[in-house]
Amino acid sequence: MVKKILVHKKKQDRIISTKTKRGLSIEYTKKQLEQNKRDKRRSVSMVEQCLVELFKHCNKNDIDHLVFEDLNKFTRKYKVNNKEFNVNIRRLMSILHIVDIKNMAERIGKKYGITISLTNAEYTSQQCSKCGYIHKDNRKTQEKFKCIHCGYEENADLNASINIKNRISVDVLRDSLHIEAEKNKYIPKTENHSEVKEIFQSIGLM
C-alpha cells in the first residue's frame with residue numbers, strides 16, 4: 001500500500017516539475033485531488049489499525065501508559081532516507097500522516113484506557129540507555145549504537161526507545177524535561193534545542 005501511494009506521489013512530482021519548467025499552473029487537477037484523498041484515507045486507516053493492535057497488546061500485558069516522541073519537531077529536522085522505500089523519512093511520515101499519530105493515539109487510546117505522554121525528541125538517539133551519557137559519536141550508523149563512555153552496544157532504535165521510556169519513568173528526567181498536563185500525563189517543558197541541552201548538562205549527562 002505504501003509503495004502504491006509513493007508511486008502516485010512521485011508521478012505527481014514529475015508532472016509538477018514539468019509544468020514548472022513550462023511556466024504552467026502547478027495546481028493539482030481534480031483527478032489528482034481525488035487520488036490524494038483516497039491515499040490519505042488509506043494511510044490514516046492503516047495507522048489507526050496499527051494503534052488499535054498496539055493498544056490491544058498493551059491491555060493484554062497490563063500496560064496503561066505509553067511515551068511518544070514529539071513528532072512535529074522531530075519531522076522538521078530528520079533528513080535520513082528510508083531504505084525500503086527510498087524516500088526521505090520526513091516526507092514519508094508526512095505522506096502517510098504519521099505526524100498526526102499523537103492525536104490519533106490520544107483519541108483511540110482513551111477507548112482502551114491508555115495514557116499518552118510526549119517527550120522531546122532531542123538526543124534520544126545519541127544517549128546511552130545504560131549509563132545515560134550523551135554524545136553524537138555514540139551513534140555512528142543508522143543501525144548500531146555504541147556508547148563511547150561505557151562501551152554499551154545495542155540496536156540503535158531499541159536504545160532510543162528505552163531512552164524515550166526513561167524520559168517519563170526516571171524521576172529526574174521526567175521532572176527536568178516535562179510538565180504534567182493532566183494527572184500522570186506529561187508533555188515537553190520546552191522544544192528549544194539549547195534549553196534541552198542545558199537541562200542535560202545540569203544533571204551531568206553531557
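As a reminder, the structure under discussion sits directly above these lines.
Just so it is clear, the model here is predicted, and its values are computed rather than measured. (Residues numbered from 1 in each chain as written. Predicted model: local features only at pLDDT ≥ 70, side-chain atom pairs only at ≥ 80, totals over all residues. Heavy atoms only, no water.)

Draft legend 1. Here's a closer look at the overall build of the protein. Looking only at helices and strands, the protein has 8 helices and 8 strands in total. Summarising its shape, the C-alpha atoms of the protein cover approximately 55 × 40 × 30 Å along the three principal directions. Contacts spanning at least 24 positions in sequence make up 57% of the contacts within the protein whose residues lie at least 6 apart. Here the protein has roughly 12,700 Å² of accessible surface; of this, 50% comes from carbon and sulfur atoms. (Helix = DSSP H or I, 4+ residues; strand = E, 2+ residues; numbered from the N terminus. Contact = heavy atoms within 4.5 Å. Areas by Shrake-Rupley, 256 points an atom, 1.4 Å probe, with all protein chains shown as cover.)

Draft legend 2. Structural detail: the nonpolar core. Core analysis: the largest hydrophobic core is formed by 18 residues, its most contacted members being Leu51, Phe55, Leu66, Phe68 and Ile116. With sequence-adjacent residues up to four places away left out, Ile116 is seen in contact with Phe55, Leu66, Phe68, Ala105, Glu106 and Lys185. (Core = buried A, V, L, I, M, F, W, Y, C linked by side-chain atoms within 4.5 Å. Buried < 20%, exposed > 50% of the residue type's maximum accessible area, 1.4 Å probe, protein only.)

Draft legend 3. Molecular detail of the packing of helix α1 (residues 2-22) against helix α2 (residues 30-60). It is at 10 Å that the axes of α1 and α2 come closest, and there the two elements cross at 150°. Taken together, the axis directions place α1 and α2 in an arrangement best described as roughly antiparallel. Handedness of the α1/α2 crossing: left-handed. Two secondary-structure elements touch here, α1 through Val2, Lys4, Ile5, His8, Lys9, Gln12 and Ile15 and α2 through Gln32, Gln35, Asn36, Asp39, Arg42, Ser43 and Met46. Taken together, the residues of the contact of α1 with α2 sort by class into 4 nonpolar, 6 polar and 4 charged. (Axes fitted to C-alpha atoms, helices over the stretch in contact; angles between N-to-C directions. Parallel < 35°, antiparallel > 145°, perpendicular 65-115°, else oblique. Left-handed = near helix turned anticlockwise from the far one by under 90°. Nonpolar A, V, L, I, M, F, W, Y, C, P; charged D, E, K, R; others polar.)

Draft legend 4. Inspection of the side chain of Gln12 at higher detail. Following the sequence through the fold, Gln12 ends up in helix α1. On the basis of relative accessible area, Gln12 is assigned to the buried category, the value being 4%. Excluding its chain neighbours within four sequence positions, the residues that come into contact with Gln12 are Tyr28, Gln32 and Asn36.

Draft legend 5. Region of the structure containing the pattern of salt bridges. Tallied over the entire structure, the rule returns 8 salt bridges. With a closest N to O distance of 4.0 Å, Lys37 and Glu34 form a salt bridge. On the criterion of helical spacing, the pair formed by Lys37 and Glu34 is a turn pair, its members being 3 residues apart in helix α2. Lys37 gets classed as partly exposed once you look at its relative accessible area, which sits at 47%. On the accessibility criterion, Glu34 (33% relative accessible area) is partly exposed. As a salt-bridge pair, Lys185 and Glu106 come within 3.3 Å of each other at their nearest N and O atoms. Residue Lys185 is located in strand β8 (residues 185-188), and its partner Glu106 is located in helix α5 (residues 101-112); the two are separated by 79 residues in the primary sequence. Overall, Lys185 belongs to the buried group, its relative accessible area being 15%. A network of salt bridges, in which partner residues are shared, links Glu106, Glu182 and Lys185. (Salt bridge = Lys/Arg side-chain N within 4 Å of Asp/Glu carboxyl O.)

Draft legend 6. A look at the environment of Phe200. In this fold, Phe200 is placed in helix α8 (residues 193-202). For Phe200, a relative accessible area of 0% translates into the label buried. Distance from Phe200 to Leu173, taken between C-alpha atoms, is 8.7 Å for residues 27 residues apart in sequence. The contact partners of Phe200, leaving out residues within four places of it in the chain, are Glu122, Tyr123, Gln127, Ile134, Arg167, Leu173, Leu177, Leu205 and Met206.

Draft legend 7. Structural context of the packing of α2 against α5. At a closest axis distance of 10 Å, the pairing of α2 and α5 adopts a crossing angle of 40°. As the angle between them shows, α2 and α5 are arranged oblique. In the crossing of α2 with α5, the sense of the turn from one axis to the other is right-handed. Contacts between α2 and α5 involve Val44, Val47, Glu48, Leu51, Val52, Phe55, Lys56 and Asn59 from the former and Ile101, Met104, Ala105, Arg107, Ile108, Gly109 and Tyr112 from the latter. Here the residues of the contact of α2 with α5 sort into 10 nonpolar, 2 polar and 3 charged.

These values are about where atoms sit, not about what they do.
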